[in-house]
Amino acid sequence: MIKFYIDSKEVTATKGESILDVARRENIYIPTMCYLPKASANASCRMCSIEVKAQDGFVLSCNTPPVEDIEVITNSDSLYKERQNIMKLYNVNHPLQCGVCDKSGECDLQNKTLEFDVSEQSFAVRDQARKKKKWGVHTYDPALCILCEKCTTVCNETVGNEALYIKPGGYKSHIDIKLANCIECGECISVCPVGAMASTEFKYSANAWELDKVPSSCSHCSSACQLYYESKDGEIKRVTNESDFSSLCGAGRFGFDFENRVISKDEEAFSRAIEAFKNTSNVVFSSLITNEEAYVLNELKKKFGFNLVNDEARAYQNFMKSFAKFANSSLYNATIDDLKSSDYIISIGCSIESDNPMIKFGASQAVKYKKAFVSTIAPVEEYAISNVVSLYINNEVGSEEAALAMIADTFIKDKSSQKEFFDSLDFGYLSGESNISQEELSLLKQNYIRKQNPVLIIGEDVINHPRANNIAAIAGYLQKNALFKVMVVPPFTNTLGVSLICDLDEAKSGLSVGYNVSADFTLSAKGSGDLDMPALNQQEGTFVNIDKNLVVLNAGVAHNGYELNDIANALGVKSKNIVDYTSRLGFKTIEFDDLDNYFDNVGNAYRGYKIDAMQNQENLKLDEVEELDEFNGSIVYSRNPLRQFSIFTSDTKQLKQKMDLVGSEQFAIASKIKSGDNVKFSVDGVEFIRHFRVDRHMKGTVAYNPTYNMDSKSSNYRYNQVELEVINE
């Protein structure tokens with residue numbers, strides 16, 4: 001701890017904190033333009049200059065650590081003049097187009113020009129011709145750019161894609177892009193303090209002060225990131241976030257227009273829905289649902305005795321039950337923040353690039369700030385994260401149980417509690433069948449030495465593996481032995497919440513009611529079922545996100561039809577509002593309106609509350625690793641492209657993508673097809689017709705098959721051997 005003074009106030013700093021960090025924590029104002037708390041300080045604006053008594057000149061508070069007993073001055077006549085001159089420089093030839101600029105009303109340049117009383121310009125520079133550029137969902141106007149470097153910093157450090165850079169040229173310097181690296185996440189737009197980086201779709205559609213701003217959570221993946229729905233005249237115009245502290249992927253930022261636009265209540269369809277619930281054998285639903293809705297369905301199950309079916313959440317539920325028995329904890333213990341601060345990461349059974357973008361963002365930051373060693377174990381190498389991964393291990397399809405068993409054997413020193421399991425491992429056989437060599441395991445162990453914060457990521461491939469229960473047990477055993485913090489990635493937005501709340505079943509014969517899943521009677525937020533329901537951007541409620549936090553969902557736009565709570569009330573499960581169930585979910589008895597949803601000055605998130613893990617002390621034995629099944633011929637991997645997650649992202653205006661089967665040249669040769677062919681194949685009884693496209697970056701004989709247009713996730717292993725039939729006309 002370092003004691004020092006800011007404006008005569010005694011404060012303390014911990015290792016790694018700058019003077020600016022401490023000032024913000026103590027609610028002491030120091031102006032900034034280029035500072036981005038979630039990235040490293042780039043010190044380009046100099047607005048954060050402060051004075052230190054007994055020291056000549058100004059000191060940059062953003063990147064200067066404090067020294068014991070120094071006295072910091074944050075405001076003086078000389079500092080005011082310095083900041084005023086900085087603003088005059090920023091305003092040299094800055095276009096006077098505030099009336100039509102998208103940033104007007106929330107512009108840092110505008111605000112600080114007024115704050116430091118820049119009422120006239122005493123000097124000028126000959127202006128340069130600067131062409132506007134359109135980069136997909138982004139528009140860049142170099143005439144408005146102040147070269148604060150926030151966009152390049154967030155792209156290179158937070159996102160890790162290194163797409164944006166400064167093209168030098170003196171007064172002609174501007175931001176440029178490597179388009180092949182851009183994932184169109186919009187982080188550059190969110191951090192831009194002026195109107196230089198803007199949303200192509202949003203430009204000139206509304207002024208900031210015209211928009212109604214509703215805090216909520218993203219509903220597309222299990223990170224459930226913080227966001228604001230900003231609407232005008234009942235239509236969501238854009239999504240923003242607390243860009244200093246939180247991030248959004250492209251789906252969260254641009255995939256917001258998925259609401260159900262039903263204009264009235266269909267009383268006849270509602271009556272048929274009531275009868276369907278009374279007579280159904282199954283209620284089938286996906287995990288694109290709030291905790292409160294899941295609770296209501298569970299209560300209706302108790303009342304009417306139907307089977308409550310969600311195969312994907314049930315597979316996750318069973319995985320976590322097995323995990324808990326060996327971890328002595330009902331929940332995994334890693335968070336996204338643990339990932340960001342990790343110095344050693346192993347991922348198995350997870351598509352880091354697309355399954356959950358915040359995992360990729362977190363790994364990128366771990367590499368950038370902690371020099372983390374990152375290894376992915378997967379049958380397909382992801383080219384897009386090659387700048388993040390230190391060691392890619394190419395395991396054979398289906399060999400994840402063997403891979404995790406070998407990892408456990410490699411890292412666990414005291415094997416006495418599971419001696420029979422470890423004695424049964426035949427390394428020669430496992431290595432040969434899994435394609436994981438002893439040299440690769442040695443590299444993993446060698447790079448583990450002296451690491452302080454190792455994290456193991458378990459993905460959807462493993463959760464749905466035929467040997468999922470034993471894989472879960474091994475992962476739990478690794479967490480129990482404190483060798484790794486473990487993260488078991490929930491496949492869908494609220495898979496974790498559903499698995500904790502619902503008593504789930506296998507489907508039985510008879511009639512079925514589907515909630516956003518096709519069935520004999522379908523309740524649909526897509527407007528294509530038997531009764532319209534609100535989409536998740538039209539609801540109040542909560543999710544349990546990947547960090548095991550119960551987070552708040554608020555409606556960004558109105559829904560004019562019926563809701564699940566209306567059906568529940570008609571069936572005798574009564575509550576005035578659906579959020580009245582928030583305090584009854586079985587976690588904590590906190591009412592919905594009492595849940596926090598904000599960040600403090602230094603970025604601490606106050607979003608709902610943490611779900612407590614339950615402890616147990618079972619001493620069970622791991623099963624032996626089974627012989628590996630062989631996967632030969634053409635293998636497709638059910639994996640969605642970046643920015644696509646579900647039937648809701650599939651229909652949004654700015655996220656349109658082709659549903660191609662994507663494979664390597666090697667895959668095309670082995671499967672006797674060529675780029676441009678239309679092919680037909682079946683997976684788990686579902687027939688697909690896909691246009692095939694070769695990706696020159698891909699390797700191996702596995703192709704990606706997108707499934708985001710399907711209304712539910714399969715609980716089966718995501719790799720499948722298929723027969724491809726060319727159907728070109």
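Residues numbered from 1 in each chain as written. Predicted model: local features only at pLDDT ≥ 70, side-chain atom pairs only at ≥ 80, totals over all residues. Heavy atoms only, no water.

Draft legend 1. The arrangement of a negative patch on the surface in detail. The grouping of Glu540, Glu563, Glu591, Asp593, Asp594 and Asp596 at the surface amounts to a negative patch. Among the secondary structure elements, Asp596 is positioned in the loop between helix H19 (564–570) and strand E26 (597–599). (Patch = residues over 30% accessible without salt bridge, like charges linked within 9 Å, V, L, I, M, F, W, Y side chains within 5 Å. Areas by Shrake-Rupley, 256 points an atom, 1.4 Å probe, with all protein chains shown as cover. Salt bridge = Lys/Arg side-chain N within 4 Å of Asp/Glu carboxyl O. Lys, Arg positive; Asp, Glu negative; His and termini not counted. Charge placed at Lys NZ, Arg CZ, Asp CG, Glu CD. Helix = DSSP H or I, 4+ residues; strand = E, 2+ residues; numbered from the N terminus.)

Draft legend 2. Quick peek at the packing of aromatic side chains. For the coordinates displayed, the defined rule picks out 23 aromatic pairs. Between Tyr344 and Phe373 the ring centres are 5.4 Å apart and the planes differ by 20 degrees, which places this aromatic pair in the stacked class. A residue pair is termed long-range when its members are at least 10 positions apart, and Tyr344 in strand E16 (residues 344–348) and Phe373 in strand E17 (residues 373–377) qualify at 29 residues. Residue classification places Tyr344 among the buried positions, given a relative accessible area of 0%. For Phe373, a relative accessible area of 10% corresponds to the buried category. Grouped by ring-pair contacts, the aromatic residues Tyr344, Phe373, Phe411, Tyr448 and Phe484 constitute a single cluster. When the ring centre of Phe648 is taken as reference, the NZ or CZ atom of Lys526 above it lies at 6.0 Å. The residue whose ring lies beneath Arg639 is Tyr704, and the NZ or CZ to ring-centre distance is 3.9 Å. (Phe/Tyr/Trp six-rings, centres within 6.5 Å; stacked < 30°, edge-to-face > 60°. Buried < 20%, exposed > 50% of the residue type's maximum accessible area, 1.4 Å probe, protein only. Lys NZ or Arg CZ within 6 Å of the ring centre and 35° of its normal.)

Draft legend 3. Broad picture of the sheet that holds strand E7 (residues 138–140). On the basis of which strands lie adjacent, the open sheet formed by three strands has the order E6-E7-E10 and antiparallel pairing. Of all strands in the sheet, those with a lone pairing partner are strand E6 (133–135) and strand E10 (197–199), marking the two edges. Direction aside, neighbouring strands of the sheet carry axes that sit 30 degrees apart on average. Direction of pairing for E6 relative to E7: antiparallel, over a ladder of three bridges. Counterpart to Lys134 in the pairing with E7 is Thr139. (Pairing = 2+ DSSP bridges. Axes fitted to C-alpha atoms, helices over the stretch in contact; angles between N-to-C directions.)

Draft legend 4. The layout of surface pockets, seen in detail. In this structure, the largest pocket encloses a volume near 1800 Å³. What lines the largest pocket is a set of 50 residues, among which Pro37, Lys38, Asp337, Lys340 and Val602 lie closest to the centre. At the level of elements, helix H1 (19–25), helix H10 (336–340), helix H11 (357–370) and strand E27 (605–607) are the ones that each hand at least two residues to the lining of the largest pocket. Among the elements that line the lining of the largest pocket, the one with the most residues is H11, at five residues. By residue class, the composition of the lining of the largest pocket is 17 nonpolar, 20 polar and 13 charged. (1 Å grid on protein atoms, 1.4 Å probe; cavity = no way out; pocket = protein on both sides within 12 Å on 5 of 7 lines; lining within 4 Å. Points joined across faces, edges and corners; volume = space filled by probe spheres on them. Nonpolar A, V, L, I, M, F, W, Y, C, P; charged D, E, K, R; others polar.)

Draft legend 5. Representation of the side chain of Thr280 within the structure. Inspection of the secondary structure puts Thr280 in the loop between helix H7 (267–279) and strand E14 (282–285). Within polar-contact distance, the side chain of Thr280 engages the backbone oxygen of Leu511 at 3.0 Å. A polar atom in the side chain of Thr280 sits 3.3 Å from the backbone nitrogen of Val513. (Polar contact = N/O pair within 3.5 Å; in protein donor to acceptor, adjacent residues only side chain to side chain.)

Draft legend 6. Structural context of the environment of Pro65. With respect to the secondary-structure elements, Pro65 resides in the loop between strand E4 (59–60) and strand E5 (71–73). Expressed as a C-alpha distance, the spacing of Pro65 and Glu230, which sit 165 residues apart in the sequence, is 38 Å. In this structure Pro65 touches Glu17, Ser18 and Ile19, once residues within four positions along its chain are discounted. (Contact = heavy atoms within 4.5 Å.)

Draft legend 7. Molecular detail of unusual backbone geometry. The residue Asn93 is not glycine, and still its phi comes out positive at about 60 degrees. Tracing the sequence through the fold places Asn93 in the loop between helix H2 (77–90) and helix H3 (108–115). With a relative accessible area of 28%, Asn93 lands in the partly exposed category. In this structure, Lys371 is a non-glycine residue whose phi angle is positive, near 50 degrees. As for its position among the elements, Lys371 is in the loop between H11 and E17. On the basis of relative accessible area, Lys371 is assigned to the exposed category, the value being 67%.

Draft legend 8. Here's a closer look at the nonpolar core. Ranked by internal contacts, the top residues of the largest apolar core, which has 178 residues, are Phe277 and Leu523. Residues within four places of Phe277 in sequence aside, it is in contact with Val283, Leu297, Leu300, Phe304, Phe306, Val513, Leu523, Leu564, Ile567 and Leu571. By size, the runner-up hydrophobic cluster in this structure holds 19 residues, among which are Ile6, Val11, Ile28 and Cys62. (Core = buried A, V, L, I, M, F, W, Y, C linked by side-chain atoms within 4.5 Å.)

Draft legend 9. Focus on the packing of helix H12 (residues 400–411) against helix H17 (residues 468–480). Between H12 and H17, the shortest axis-to-axis distance is 10 Å and the interhelical angle comes to 20 degrees. For the element pair H12 / H17, the angle class is roughly parallel. Note that H12 runs across H17; the crossing there is left-handed. Contacts between H12 and H17 involve Glu400, Glu401, Leu404, Ala405 and Ala408 on the former and, on the latter, Asn470, Ile471, Ile474, Ala475 and Leu478. By residue class, the composition of the contact of H12 with H17 is seven nonpolar, one polar and two charged. (Parallel < 35°, antiparallel > 145°, perpendicular 65-115°, else oblique. Left-handed = near helix turned anticlockwise from the far one by under 90°.)

Draft legend 10. The packing of helix H9 (residues 311–327) against H17, seen in detail. Contact geometry of H9 with H17 gives a least axis separation of 7 Å together with a crossing angle of 40 degrees. Judged by the sense of rotation from one axis to the other, the crossing of H9 with H17 is right-handed. Within the contact between the two elements, H9 uses Asn318, Phe319, Ser322, Phe323, Phe326 and Ala327 and H17 uses Ala468, Asn469, Ile471, Ala472, Ala473, Ala475, Gly476, Tyr477, Gln479 and Lys480. A per-class count over the contact of H9 with H17 returns ten nonpolar, five polar and one charged.

Draft legend 11. A look at H11. The first and last C-alpha atoms of H11 sit 19 Å apart over 14 residues, in line with the 20 Å expected at 1.5 Å per residue. Where H11 is buried, its residues meet helix H4 (150–159), helix H5 (187–191), H10, E16, strand E19 (454–458) and strand E20 (485–488). Downstream of H11 by one or two residues, Lys371 has phi in the positive range, about 50 degrees. (Expected span 1.5 Å × (residues − 1).)

Draft legend 12. Just the pattern of salt bridges, in detail. In this structure the tally under the stated criterion is 39 salt bridges. Asp102 is the salt-bridge partner of Lys203, the closest N and O atoms lying 4.0 Å from each other. Remark: Asp102 occurs in the loop between H2 and H3 and Lys203 occurs in the loop between E10 and strand E11 (212–217); sequence separation between them is 101 residues. Per residue, the accessibility class of Lys203 equals that of Asp102, and both read buried. Salt bridges sharing partners connect three or more residues here, namely Asp355, Glu460, Asp461, Lys713 and Arg718.

Draft legend 13. Up close: the side chain of Lys103. Relative to the helices and strands, Lys103 resides in the loop between H2 and H3. Salt bridges are absent for the buried Lys103, whose nearest opposite-charge side chain, Glu106, sits at 4.8 Å. Of note is the side chain of Lys103, whose polar atom sits 3.0 Å from the backbone oxygen of Cys192. With residues up to four places along the chain from it excluded, the contact list for Lys103 reads Ile189, Cys192, Pro193, Val194 and Gly195.

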